Amino acid sequence: MGKVDYLTAWQEMIDFTKKRDQTTEDEFWICEHLPVFTLGTSLKNSILPIRGIRCINTDRGGKITYHGPGQLVGYPLMDLRKNNLYPKELLDLINRTVLSVMREFGIEGLLVPEAPGIYVSKPGGANQFFNLAKICSIGLKISNHSSYHGFALNVSADLEPFSYINPCGYEGLRIVNLNEFAQNATLESAKIVLVEKIKEQFREKRS
């Protein structure tokens, strides 16, 4: 989809999900967003822009995060019932897909109990994120057995806006880019790998 306004993509996801029926093929959208803060259902407040960046209340899970250029966003629009998937299984598929993308760049991603998303080892930090930093956030919405929203993998994004908030609701959580650990990681190279890994992971599940 290229670079697309968040509200536009969100509305298109809602429309797609409402109109789909048993004959509708699943789709996986990949895009970038213009700078925006999004709030999930765990932190739904009507608030003013933060340092000039607008905030949008959404219907996905989770709290607050930032989207912007240099971030690879993936939206799986799937009929869970038709694919014999539970929401947790879809989350596992997303995790495996992103982790396999990172491995292609020589980076080992990590999962943290009770803290959705993908992390990497990095000295410093505190509490449950000691020696950890977040590289990918995940938030989903399931409606009529169909999924939308998805994940955002930081590849080469401007990370400063994350310092304006408590990312995902965690004070002091550090955010990192893929290209900090792999110099050959660009948005385009990561996108190519992501497409291949989506085909591998999701076709394997459906076969």
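Our subject is the structure listed above.
These figures come from a predicted structure and were not determined experimentally. (Residues numbered from 1 in each chain as written. Predicted model: local features only at pLDDT ≥ 70, side-chain atom pairs only at ≥ 80, totals over all residues. Heavy atoms only, no water.)

Comments concerning the overall build of the protein chain
Within the protein chain, the secondary structure is distributed over three helices and 10 strands. Secondary structure elements in the protein chain, listed N-terminal to C-terminal, are β-α-β-β-β-β-β-α-β-β-β-β-α. A compact globule built from 207 residues would reach a C-alpha radius of gyration of about 17 Å, and the protein chain, at 16 Å, matches this within 12%. Expressed as lengths along the three principal axes of its C-alpha atoms, the size of the protein chain is roughly 50 × 40 × 30 Å. Counting over 207 residues, the protein chain shows a buried share of 51%. (Helix = DSSP H or I, 4+ residues; strand = E, 2+ residues; numbered from the N terminus. Rg over C-alpha atoms; globule rule 2.2 N^0.38 Å. Buried < 20%, exposed > 50% of the residue type's maximum accessible area, 1.4 Å probe, protein only.)

With respect to helix 2 (residues 87–104)
Its 18 residues give helix 2 an end-to-end C-alpha distance of 26 Å, which sits within 8% of 26 Å, the value for a rise of 1.5 Å per residue. Buried within helix 2 we find Leu-90, Leu-93, Ile-94, Asn-95, Thr-97, Val-98, Leu-99, Ser-100, Val-101 and Met-102. Remark: Gly-106 follows helix 2 within two positions and exhibits a positive phi of approximately 80 degrees. (Expected span 1.5 Å × (residues − 1).)

What about empty space enclosed by the protein?
Per the counting criterion, the structure on display carries one cavity of 30 Å³ or more. The space that makes up the largest cavity amounts to roughly 50 Å³. Lining the largest cavity we find Thr-65, Gln-71, Lys-134, Ile-135, Cys-136, Ser-137, Ala-152, Asn-154, Phe-162, Pro-167, Cys-168 and Ile-175. If you list the elements that add at least two residues to the lining of the largest cavity, you get strand 9 (132–143) and strand 10 (146–154). In terms of residues, the lining of the largest cavity owes the most to one element, strand 9, which gives four residues. Residue composition of the lining of the largest cavity, by class: seven nonpolar, four polar and one charged. (1 Å grid on protein atoms, 1.4 Å probe; cavity = no way out; pocket = protein on both sides within 12 Å on 5 of 7 lines; lining within 4 Å. Points joined across faces, edges and corners; volume = space filled by probe spheres on them. Nonpolar A, V, L, I, M, F, W, Y, C, P; charged D, E, K, R; others polar.)

Topic: the environment of His-145
Of note, His-145 is situated in the loop between strand 9 and strand 10. Among the residues examined, His-145 registers a relative accessible area of 39% and is labelled partly exposed. In this structure, the C-alpha to C-alpha distance between His-145 and Val-176, residues 31 residues apart in sequence, is 33 Å. Those residues in contact with His-145, other than ones at most four positions away along the chain, are Met-78, Asp-79, Leu-80 and Arg-81. (Contact = heavy atoms within 4.5 Å.)

Let's talk about the pattern of salt bridges
Applying the stated criterion to the full structure yields nine salt bridges. Of the charged contacts in the structure, one is a salt bridge between Arg-20 and Asp-26, with a shortest N-O distance of 2.7 Å. You'll find Arg-20 and Asp-26 in the same group, each marked buried. Residue Glu-200 is joined to Lys-197 by a salt bridge in which the shortest nitrogen-to-oxygen separation is 3.6 Å. With Glu-200 and Lys-197 both in helix 3 (residues 187–206) and three residues apart, this pair spans about one turn of that helix. In this structure, a network of salt bridges that share partners links the residues Glu-104, Lys-197 and Glu-200. (Salt bridge = Lys/Arg side-chain N within 4 Å of Asp/Glu carboxyl O.)

Let's talk about the layout of surface pockets
Space inside the largest pocket adds up to approximately 400 Å³. Taken together, 24 residues form the lining of the largest pocket, with Arg-60, Gly-61, Gly-62, Ile-138 and Gly-139 sitting closest to its centre. For the lining of the largest pocket, the secondary-structure elements that each account for two or more residues are strand 5 (64–67), strand 6 (71–77), strand 9 and strand 10. It is strand 9 that contributes the most residues to the lining of the largest pocket, five residues altogether. Of the residues in the lining of the largest pocket, the class split is 12 nonpolar, nine polar and three charged.

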